[in-house]
Amino acid sequence: MWGKILSYIPEWKVFMQGFIVFFIPYIIFKLFNGIVSKQKTHEDEMKEINDQTNQKVELEHQKSSQGSYDHYTGDFNLDVELVKNEIGHNWDVHVREFHIGNTDIRAAIIFLDGLSDKELIDKHILASLMGNVLKKDEQESIYEKGVFLQTFIKNEVLSVSDITEEYDVKQSVGKILLGATALIIDGIPNVLMLGTVKGKSRNFEEPVSEALVRGPRLGFTETLSDNTALLRQHGENSDLSIINFQVGKRTKKELVIAYIQEIADPNLIEEVKKRIQSITIDDVAESGYVEQLIEDNYLSPFTQVQNTERPDRVFAALMEGRVAILLDGTPFALIVPVTFSMLLQSPEDYYERWLPSTLIRLLRYLAAAITLFAPSLYISFVSFHQGLIPTKLALSMMGTREGVPFPAIIEALIMEVAIEILREAGLRLPKPIGPTMGIVGGLVIGEAAVQAGIVSPIMVIVVALTAISSFAIPQYNAGISLRMLRFVAMFFAALFGLYGVILFFLLLCSHLVKLKSFGIPYVSPTVPYRASDWKDFMVRMPLMMMKRRPKMLHTKDSSRQD
Amino acid sequence: MKLNYMKGRFKLGLLLSFILLLLTGCWSSKEIEDLGLIVGTSLDLETDTNSREESEEQEARNSNKELITITNQFVTSETTGSGPKEGKKQQAYKNVSETGDAVLPTLRNMILKNDKRAFAEHSKVIVIGEDFASTFNLKQTMDFFLRELEMRPSALLLIAKNHASNILESNEPSKIPAFQLVEMMKGHKKTTKIIPPMTFAKLEGKLYSEASFLLQSVVSENDEIKFVGAAVIEGKTKKLRGFLTGKELEGITWITGKGKGGLVTSFYEETDQPIIYEIISTKSKIIPHVDGENISFNVKIESEGRIAEHWVLSEKTFDNKFLKKAEKATEKEVERLVKNVLDKIQHEYQTDVSGFGTRLRIEYPKVWEKVKKDWDQIFSGVPIQCEVNITIKDYGTSGE
């Protein structure tokens with residue numbers, strides 16, 4: 001009887017296999033749980049710290065408002081000293097003392113060299129203040145009434161449009177550092193802040209990273225006000241809301257979000273606001289910082305915030321009900337939420353007629369597929385599924401691979417890495433050398449490697465095709481993420497052949513389906529399926545047929561045309 | 001502390017998943033240049049006693065049993081090479097033969113003399129020698145090839161007159177005979193002397209039904225491969241019964257109506273000069289008649305075509321009278337072809353290879369149930385009427 005029972009008990013090998021089958025998925029599950037919970041605890045900690053700092057700031061604020069030390073006193077020497085204490089050690093801060101015309105009232109202007117408009121200061125501020133301001137007979141009475149003097153100067157002397165009164169030293173100093181000019185007059189307990197800001201900016205140029213054949217040759221610049229002006233200039237639209245935020249704890253920077261009030265989903269706007277307010281970094285150097293700090297999933301290889309230099313692209317996104325984020329100091333505006341299809345679209349699709357646009361769009365999807373899968377398919381065909389190649393092609397592939405000492409994966413890796421290095425090197429080189437180096441490097445490496453028998457000519461074709469396809473994707477960073485995933489696909493292909501490629505594809509799909517950008521599924525309108533949104537997905541239907549805005553964005557007003 | 005712990009776990013997990021991937025290795029990975037693609041296979045009956053003694057294993061036992069010789073045509077990375085090099089011309093293929101008493105052991109023995117791994121997924125053609133086909137049951141010997149994972153259902157089956165391994169030899173070293181055979185087979189659309197290709201996909205059905213069928217036969221004359229007629233495989237024994245000549249095969253093609261193109265050469269009655277009729281389309285209908293125990297068939301053949309060439313100088317080509325006469329002459333010729341082949345398959349081979357049984361089964365299933373057991377026998381005594389109707393609808397020659 002024992003024997004009979006024992007014969008039903010499986011061998012040790014089976015138990016071992018069972019153990020592996022159970023524990024490996026369990027370990028993977030635990031692993032990712034670990035990452036997620038780590039992220040969460042980190043966030044919690046950050047929140048606590050934030051709360052504490054906020055409380056501290058409030059306390060300090062209360063304290064400072066109680067003590068009157070930081071306010072201007074009206075005593076000229078003391079006031080100048082106060083400002084000098086704050087910023088006087090800086091080389092570019094200038095203090096110019098003078099007497100107001102025909103009197104002996106002492107005054108001083110403080111300004112920042114470089115940021116403020118010197119011509120304006122010389123011609124309109126100093127000239128009018130130092131000229132014949134007051135008649136002799138009025139002198140006495142006005143001198144006694146300090147406040148009256150101030151209004152008099154404001155109303156009758158200074159021909160400057162932007163004038164504010166400032167009592168707080170800290171705030172006035174902040175403005176001076178941005179280029180305003182502070183005017184301190186003896187006997188007056190505040191300063192006049194004169195708007196003399198003249199920021200450095202460059203001309204509007206065609207964006208280099210997003211060139212079009214047809215479309216406006218206009219790109220954003222580094223100046224926020226110019227950029228918002230570009231959006232306003234697009235056309236009269238009273239619904240265009242531009243809301244301002246300050247980001248950066250130490251270096252404060254202006255950031256605006258733009259949306260169309262009557263179209264954009266209020267929940268989306270709230271979400272964007274919330275995420276921007278959660279940025280606590282000390283300095284936001286570029287909109288890339290914002291992008292990385294507000295994106296949904298930092299582990300995903302896909303970009304979840306679109307960046308663009310083109311005002312027309314931004315405006316088109318706004319009209320679809322999306323939200324744009326513009327940061328001072330960078331020409332790159334951000335658009336949220338993003339779906340995968342946006343990365344393969346170009347503004348030109350809408351400017352050209354629908355048939356060529358549709359075909360070009362389909363071509364881009366093909367290019368994306370080639371970028372992602374061409375090398376891995378080559379590897380799986382050459383190393384695993386030779387039966388799937390047409391016989392004559394198999395013969396020529398066999399012939400060309402004769403004498404190649406590496407398996408297909410190594411061969412592919414050598415060439416792919418070489419081409420990535422070439423690309424990176426060509427990017428950083430000075431413009432006149434860049435293309436030459438690319439061509440020479442490409443030709444030499446391709447030709448010589450084949451001659452030397454390190455790689456097969458067909459591999460060179462595959463690699464070249466892949467590289468060219470990856471540049472056919474209009475969004476540069478989308479191309480990068482596909483190129484990155486290509487290597488993963490290659491390893492999968494090397495391990496399991498076509499089966500592995502399909503596994504990889506499924507893995508990618510399951511990730512994409514789960515991924516969301518600001519609450520919008522990343523691969524919509526594929527999943528969730530919305531037939532009406534397919535009009536502007538892989539194909540672009542005629543404009544007459546696109547009468548509704550994309551449903552996935554839950555817009556307030558869904559109709560585009562009647 | 002907690003963060004460190006998490007980090008450690010993360011690293012461990014990463015390590016484990018990498019190990020998991022690497023442990024699997026690149027299993028069943030084989031580089032294409034290490035393969036020897038089998039593009040063609042021939043099967044022969046071994047008659048040479050010398051080679052029988054050479055194969056040691058068989059010496060001990062079964063020394064009287066028929067042995068089979070399998071020749072595989074390999075194409076490898078070396079034979080395709082990088083184009084023909086200067087001076088010497090390289091042979092584009094490499095034939096490897098091995099003798100044994102069953103298919104698989106013989107194939108496995110080839111490993112002993114071949115450095116390339118055999119890979120049959122690109123196998124195009126299997127040629128069976130005359131002796132082999134008339135000795136062995138095809139159903140039994142082909143079973144291995146039909147069930148082999150690497151074999152494709154698109155592979156062709158041919159019967160060779162004489163030795164099959166000769167077919168896989170070519171006097172032009174740059175050509176691969178197996179591919180040549182496949183390309184030649186495509187000619188069946190232009191001539192009635194080649195039957196529609198018998199692929200493995202179709203063969204399986206034929207082998208498992210009791211019906212007789214035809215296979216294209218091929219011969220190697222002076223190092224030249226040539227299609228000559230067809231081989232008749234008897235349904236019951238699944239063995240080669242005999243061959244049909246090219247002319248006889250034409251008759252079969254007319255009966256089945258499968259001809260998509262081809263020529264009929266007839267002679268003008270009055271002057272005995274040739275008229276060549278080119279087929280544009282053919283239609284045939286086999287109508288069975290059952291009268292009690294007596295079964296008879298009517299074959300109705302209709303064809304449309306053009307006169308592609310004629311040497312009759314005395315007549316006006318576009319004259320309707322001439323065309324009528326030409327039609328008559330062609331009809332007579334086709335009838336002669338059909339009669340000729342019917343005589344041969346009914347009386348000499350006693351096998352039904354042109355689908356008479358199928359029609360009977362469809363139209364009189366009850367009768368078929370009775371006769372299907374020895375249909376080939378009954379078929380040999382069945383009267384068959386033939387009716388040919390040719391329409392010339394196109395002038396292919398100059399004339400007035």
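What chain B contains, in helices and strands, is 15 helices and 13 strands. Relative to the globule expectation of 21 Å for 400 residues, the C-alpha radius of gyration of chain B, 28 Å, shows a markedly less compact shape. Oriented by its inertia axes, the alpha-carbon framework of chain B measures out at about 105 × 60 × 55 Å. Counting the 400 residues in chain B, one finds 38% classified as buried. Counted over contacts in chain B with a minimum sequence separation of 6, partners at least 24 positions apart contribute 74%.

Scanning chain A for helices and strands turns up 19 helices and 12 strands. A compact globule built from 562 residues would reach a C-alpha radius of gyration of about 24 Å, whereas chain A, at 33 Å, exceeds it by more than 25%. Counting only C-alpha atoms, chain A reaches 120 × 65 × 60 Å along its principal axes. The burial tally for chain A puts 31% of its 562 residues in the buried class. At a minimum sequence separation of 6, the contacts of chain A that also span at least 24 residues come to 65%.

This part is about the interface of chain A and chain B. Facing the 25 residues of chain A at the interface are 27 residues of chain B. Contributions of two or more residues to the side of chain A that touches chain B are made by helix 2 (12-66), helix 13 (354-383), helix 14 (391-401) and helix 18 (476-496) of chain A. Taken together, the residues that form the side of chain A that touches chain B break down as 16 nonpolar, six polar and three charged.

One finds A:Tyr378, B:Val127, B:Ile128, B:Leu158 and B:Ala231 to be the most contacted residues of the largest nonpolar core, which totals 130 residues. Ranked by the residues each element gives to this core, the list is headed by helix 13 of chain A, at 11 residues. Setting aside chain neighbours within four positions, we find B:Leu158 in contact with B:Val125, B:Val127, B:Leu181, B:Leu215, B:Gln216, B:Ser217 and B:Val218. Counting residues in hydrophobic clusters, the runner-up holds 36 residues, among them A:Phe220, A:Val247, A:Ala317 and A:Val323.

A few words on the sheet that holds strand 12 (residues 294-310) of chain B. Residues and elements named next belong to chain B. Taking strand neighbours across the sheet as the criterion, the four strands line up as 10-11-12-13 in an open arrangement whose pairing is mixed. Edge positions in the sheet fall to strand 10 (263-267) and strand 13 (384-395), since each of these pairs with one other strand and no more. Strand-to-strand twist across the sheet, computed as the mean angle between neighbouring axes with direction ignored, equals 40°. The pairing of strand 12 with strand 13 spans 11 bridges and is parallel. Opposite Val299, over in strand 13, you have Cys386 as the bridge partner. Strands strand 10, strand 11 (274-291), strand 12 and strand 13 of the sheet are contacted by helix 12 (residues 320-349), whose axis makes an angle of about 145° with strand 13.

Because an α-helix packs 3.6 residues into every turn, residues spaced three or four apart end up facing the same way. Residue and element names in this part refer to chain B. Here helix 11 (residues 246-256) lies mainly inside the structure; eight of its 11 residues are buried. Those residues of helix 11 not exposed but buried are Glu248, Leu249, Glu250, Gly251, Ile252, Thr253, Trp254 and Ile255. Each element contacted by the buried residues of helix 11 is listed here: strand 7 (213-221), strand 8 (224-233), strand 9 (240-244), strand 11, strand 12 and helix 12. Following helix 11 by one or two positions, Gly257 has its phi on the positive side, about 70°.

Right, let's talk about the confidence of the model for chain B for a bit. Mean pLDDT for chain B: 85, with 91% of residues reaching 70 or above. Interface scoring of the predicted complex returns ipTM 0.82; its pTM is 0.79.

Considering the arrangement of structural elements, one finds A:Val440 in helix 16 (residues 434-451). It is 47 Å that separates the C-alpha atoms of A:Val440 and A:Val272, two residues lying 168 residues apart in sequence.

Let's shift gears to the sheet that holds strand 6 (residues 240-247) of chain A. Each strand in a sheet pairs with its neighbour through backbone hydrogen bonds, running either in the same direction (parallel) or in the opposite one (antiparallel). Residue and element names in this part refer to chain A. Spatially, the five strands line up as an open sheet ordered 6-7-9-10-8, and their pairing is antiparallel. In the strand order of this sheet, the two ends are held by strand 6 and strand 8 (306-308), each with one partner. Ignoring strand direction, the axes of neighbouring strands in this sheet form an average angle of 25°. Packed onto the sheet, helix 8 (residues 224-233) meets strand 6, strand 7 (253-260), strand 9 (323-327) and strand 10 (333-336) and runs at close to 10° relative to strand 7.

Attention shifts here to the pairing of strand 10 of chain B. All names here are of chain B. Where burial is concerned, the two faces of strand 10 differ: the one with Val264 and Ser266 is buried and the one with Leu263, Thr265 and Phe267 is not. As paired strands, strand 10 and strand 11 are joined by five bridges and run antiparallel to one another. Within strand 11, the position partnered with Leu263 by the bridge is Glu278. Where strand 10 folds back onto strand 11 in an antiparallel hairpin, the turn is made up of six residues, including Asp272, whose phi is positive at roughly 60°.

Another point: the confidence of the model for chain A. With 92% of its residues at a pLDDT of 70 or more, chain A has an overall mean of 85. Here residues 64-68 of chain A is modelled with pLDDT under 50, and outside its nearest four sequence neighbours on either side it reaches one contact, counting other chains as well.

All names here are of chain A. Regarding helix 11 (residues 311-319), the residues found buried are Pro311, Arg313, Val314, Phe315, Ala317 and Leu318. Buried positions along helix 11 lie against helix 8, strand 7, strand 8, strand 9 and strand 10. Of the residues flanking the end of helix 11, it is Gly321, one or two places downstream, whose phi is positive at about 100°.

Residue and element names in this part refer to chain A. In the contact formed by helix 15 (residues 408-428) and helix 16, the axes pass within 9 Å of each other and the chain directions differ by 165°. Between helix 15 and helix 16, the angle falls in the class roughly antiparallel. For the element pair helix 15 and helix 16, the recorded crossing hand is right-handed. Here Ala418, Leu422, Ala425 and Gly426 of helix 15 come into contact with helix 16, specifically with Gly434, Met437, Gly438, Gly441, Gly442 and Ile445.

Next up on the list: the packing of helix 15 of chain A against helix 18 of chain A. Packed helix pairs are specified by the crossing angle of their axes together with the interaxial distance, meaning the distance between the axes. Residue and element names in this part refer to chain A. Two numbers describe how helix 15 lies on helix 18: the axes approach to 10 Å, and their chain directions differ by 165°. If you check the angle between helix 15 and helix 18, you find them roughly antiparallel. Seen along the crossing, helix 15 lies across helix 18 with a hand that is left-handed. Two secondary-structure elements touch here, helix 15 through Ile409, Ala412, Leu413 and Glu416 and helix 18 through Phe487, Met490 and Ala494. In terms of residue class, the contact of helix 15 with helix 18 is built from six nonpolar, no polar and one charged.

Checked against the element boundaries, A:His554 lands in the segment after strand 12 (520-521). Take A:His554: there are 16 C-beta atoms within 10 Å of it, and that puts it in the partly exposed class.

Looking now at unusual backbone geometry. All names here are of chain A. Between Ser524 and Pro525 the backbone carries a cis peptide bond, its omega angle lying at 10°. Of note, Pro525 is situated in the segment after strand 12. Cis rather than trans, the peptide bond between Val527 and Pro528 has omega equal to -5°. Inspection of the secondary structure assignment puts Pro528 in the segment after strand 12.

Quick notes on the rules
- Residues numbered from 1 in each chain as written.
- Chains lettered and ligands numbered in written order.
- Predicted model: local features only at pLDDT ≥ 70, side-chain atom pairs only at ≥ 80, totals over all residues.
- Helix = DSSP H or I, 4+ residues; strand = E, 2+ residues; numbered from the N terminus.
- Rg over C-alpha atoms; globule rule 2.2 N^0.38 Å.
- Buried ≥ 20, exposed ≤ 12 C-beta atoms within 10 Å, placed from the backbone.
- Contact = placed C-beta atoms within 7 Å.
- Nonpolar A, V, L, I, M, F, W, Y, C, P; charged D, E, K, R; others polar.
- Core = buried A, V, L, I, M, F, W, Y, C linked by C-beta atoms within 7 Å.
- Pairing = 2+ DSSP bridges.
- Axes fitted to C-alpha atoms, helices over the stretch in contact; angles between N-to-C directions.
- pLDDT = per-residue confidence, 0-100.
- Parallel < 35°, antiparallel > 145°, perpendicular 65-115°, else oblique.
- Left-handed = near helix turned anticlockwise from the far one by under 90°.

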